[in-house]
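Residue-level listing of the chains:
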Amino acid sequence: MFNTIRNIIAAAAIGLSMLVAPVTAHADENDPNTVINEIRASGVLKVPVMTGEEPGYIKDRTTGKWSGFYYDFLGEIATALGVTLEPVETTWGNLAADFQSNKIDVAIGVNPNPKRGLVVDYLWEPLFTDAWAVLTPKGKTVKTWEELNDPSKTIVVQKGSTMQIVAQALLPKAKITPVEDRGLALMELQSNRADAVLLAVFDALEVSTQKIGDVSLPQPILRNPATLAVARKPGNAGYINFLTNWVQQERSLGIAQGRLAKSWTDRGIDLSILPKEFSF
């Protein structure tokens, strides 16, 4: 009799656990603050950093510490969440894989594209607006994209980046050479193996201070929204809402624009190439 009662209780407990488990999981997946709570519990905000991507990301060669306007923006987000930054070295082309493997919690300055959009959620409100430009050898500036759309032209882009998509769409006749990072792209130009390197205009202007080449803003001007991205996963709705509100505050109060302008001025970057009506 005792064994029979014990068996009945055990069976009931198993049945109850089977009923409760799906409900608990379902509730967790539908909690909009799940991702925020996970980040706060970990005590860190994992963010991508990239070598050779000044002035957005600047690595001190002596101390190994990171700075730059992207890193500063990410620091503000971490402070608002009550956590510290944890830099993860990567490349633009690896961001989607980094999100999928949970290596990073947020990326900044990214451009929405459909392929990454399968695994990444983008904020619709950009932090600022950039434009696509080209870095060409000294004395070989261009006025239009069509000047580069020629089989004799070699255009270098960063592999897996939006730059590659832009080049393939605008310059189908040219030879497109994808490389891993900006440093390798500049080496191709300096070695006379490229006619142009496609870059965001603010990055191109930064590189031009090294006297590597000339910057052109070809017509028609293609604006480039720099936004934020997070991994697509259950429970990130509250996280997206938090980040969207942060971006709107940065833009509406002029904080983002002021920080960017100061960053470029501090590094001696001349923004005169931008049309007067251009607003970032």
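Keep in mind that what you see is a predicted model, and the values were worked out from it rather than measured.

So, about the overall build of the chain. Counting its secondary structure elements, the chain contains 9 helices and 12 strands. A total of 280 residues make up the chain; the buried ones form 47% of that total. Counting only contacts in the chain whose residues sit at least 6 apart along the sequence, the fraction spanning at least 24 positions is 72%.

Let us now look at the packing of aromatic side chains. Inspection of the entire model under this criterion finds 12 aromatic pairs. Ring geometry for phenylalanine 69 against tyrosine 70: centres 4.6 Å apart, planes inclined by 55°, an arrangement best described as tilted. Here phenylalanine 69 and tyrosine 70 have matching classes, each one buried. Judged by centre distance (6.3 Å) and plane angle (55°), the rings of phenylalanine 128 and phenylalanine 202 are tilted. In this pair, phenylalanine 128 is assigned in strand β7 (residues 128-136) and phenylalanine 202 in helix α7 (residues 201-208), connecting sequence segments 74 residues apart. For phenylalanine 202, a relative accessible area of 2% puts it in the buried group. Aromatic ring contacts, followed pair by pair, group Tyr57, Phe69, Tyr70, Trp92, Phe128, Phe202, Trp264 and Phe280 into a single cluster.

Okay, the nonpolar core next. Core analysis: the largest hydrophobic core is formed by 83 residues, its most contacted members being Leu45, Leu198, Leu228 and Tyr239. Sort the elements by how many residues they give to this core and helix α3 (residues 69-81) lands first, with 8 residues. Other than its neighbours up to four places away in sequence, leucine 45 contacts Ile39, Leu74, Ile77, Ala78, Leu81, Val83, Thr84, Leu85, Glu86, Asp105, Val106 and Tyr239.

This paragraph deals with the confidence of the model for the chain. For the chain, the mean per-residue pLDDT works out to 87, and 90% of the residues sit at or above 70. Across the chain, element-level confidence peaks in strand β1 (residues 44-49) with a mean pLDDT of 98 and bottoms out in helix α1 (residues 2-29) with 43. With pLDDT under 50 throughout, residues 1-27 is counted as low confidence; its partners more than four residues away or in other chains account for 1 contact.

This part covers unusual backbone geometry. One can expect most non-glycine residues to show negative phi and most peptide bonds to be in trans. Cis peptide bonds are those with omega within 30 degrees of zero, and the linkage from glutamate 54 to proline 55 qualifies with 0°. Structurally, proline 55 can be placed in the loop between β1 and β2 (58-59). Of note in this structure, asparagine 192 is not a glycine but carries a positive phi near 60°. With respect to the secondary-structure elements, asparagine 192 resides in the loop between α6 (182-190) and β10 (196-200). Classification of asparagine 192 by relative accessible area gives exposed; the value is 68%. A positive phi angle, close to 60°, is found at lysine 211, a residue other than glycine. By secondary structure assignment, the location of lysine 211 is in the loop between α7 and β11 (214-216). The class of lysine 211 is exposed, set by a relative accessible area of 64%.

Here we come to the pairing of β1. For β1, the tally of buried residues reaches 6 of 6 residues, placing the bulk of the element in the interior. The alternating pattern of β1 places Val44, Lys46 and Pro48 and Leu45, Val47 and Val49 on opposite faces, both of which are buried. Bridge count for β1 against strand β4 (residues 84-89) is 6 bridges, and the pairing is parallel. The residue bridging proline 48 from the neighbouring strand is valine 88, located in β4.

Turning to α6, its buried residues are Arg182, Ala185, Leu186, Glu188 and Leu189. Looking straight down α6, one finds that the buried residues subtend no more than 155° of arc, so they occupy a single side. Tucked inside the fold, the buried residues of α6 contact β7, β8 (154-158), β9 (175-179), β10 and α7. Capping the start of α6 is the job of one residue whose side-chain oxygen sits 3.2 Å from the backbone nitrogen of glycine 183: aspartate 181. Backbone geometry just after α6 places asparagine 192 at a positive phi near 60°.

Working definition: two side chains of opposite charge can pair if their charged atoms are close together. Under the counting rule described, the total for this entry stands at 12 salt bridges. Linking aspartate 121 and arginine 232 is a salt bridge whose minimum nitrogen-to-oxygen distance equals 2.8 Å. You can see aspartate 121 sitting in strand β6 (residues 120-122) and its partner arginine 232 sitting in the loop between β12 (223-231) and α8 (237-252), a full 111 residues away along the chain. Residue glutamate 188 is joined to arginine 193 by a salt bridge in which the shortest nitrogen-to-oxygen separation is 3.1 Å. Assessed through its relative accessible area of 45%, arginine 193 is described here as partly exposed. Shared partners join several salt bridges into a network, and the residues in it are Glu53, Arg182 and Asp203.

This part is about the packing of α8 against helix α9 (residues 255-266). The N-to-C vectors of α8 and α9 enclose an angle of 65°; their axes lie 4 Å apart at closest approach. Of the possible angle classes, the one that applies to α8 and α9 is roughly perpendicular. Residues Gln249, Glu250 and Arg251 of α8 pack against Ile255, Ala256 and Gln257 of α9. Considering only residue class, the contact of α8 with α9 consists of 2 nonpolar, 2 polar and 2 charged.

Definitions and cut-offs
- Residues numbered from 1 in each chain as written.
- Predicted model: local features only at pLDDT ≥ 70, side-chain atom pairs only at ≥ 80, totals over all residues.
- Heavy atoms only, no water.
- Helix = DSSP H or I, 4+ residues; strand = E, 2+ residues; numbered from the N terminus.
- Buried < 20%, exposed > 50% of the residue type's maximum accessible area, 1.4 Å probe, protein only.
- Contact = heavy atoms within 4.5 Å.
- Phe/Tyr/Trp six-rings, centres within 6.5 Å; stacked < 30°, edge-to-face > 60°.
- Core = buried A, V, L, I, M, F, W, Y, C linked by side-chain atoms within 4.5 Å.
- pLDDT = per-residue confidence, 0-100.
- Pairing = 2+ DSSP bridges.
- Arc of directions from axis to C-beta.
- Polar contact = N/O pair within 3.5 Å; in protein donor to acceptor, adjacent residues only side chain to side chain.
- Salt bridge = Lys/Arg side-chain N within 4 Å of Asp/Glu carboxyl O.
- Axes fitted to C-alpha atoms, helices over the stretch in contact; angles between N-to-C directions.
- Parallel < 35°, antiparallel > 145°, perpendicular 65-115°, else oblique.
- Nonpolar A, V, L, I, M, F, W, Y, C, P; charged D, E, K, R; others polar.

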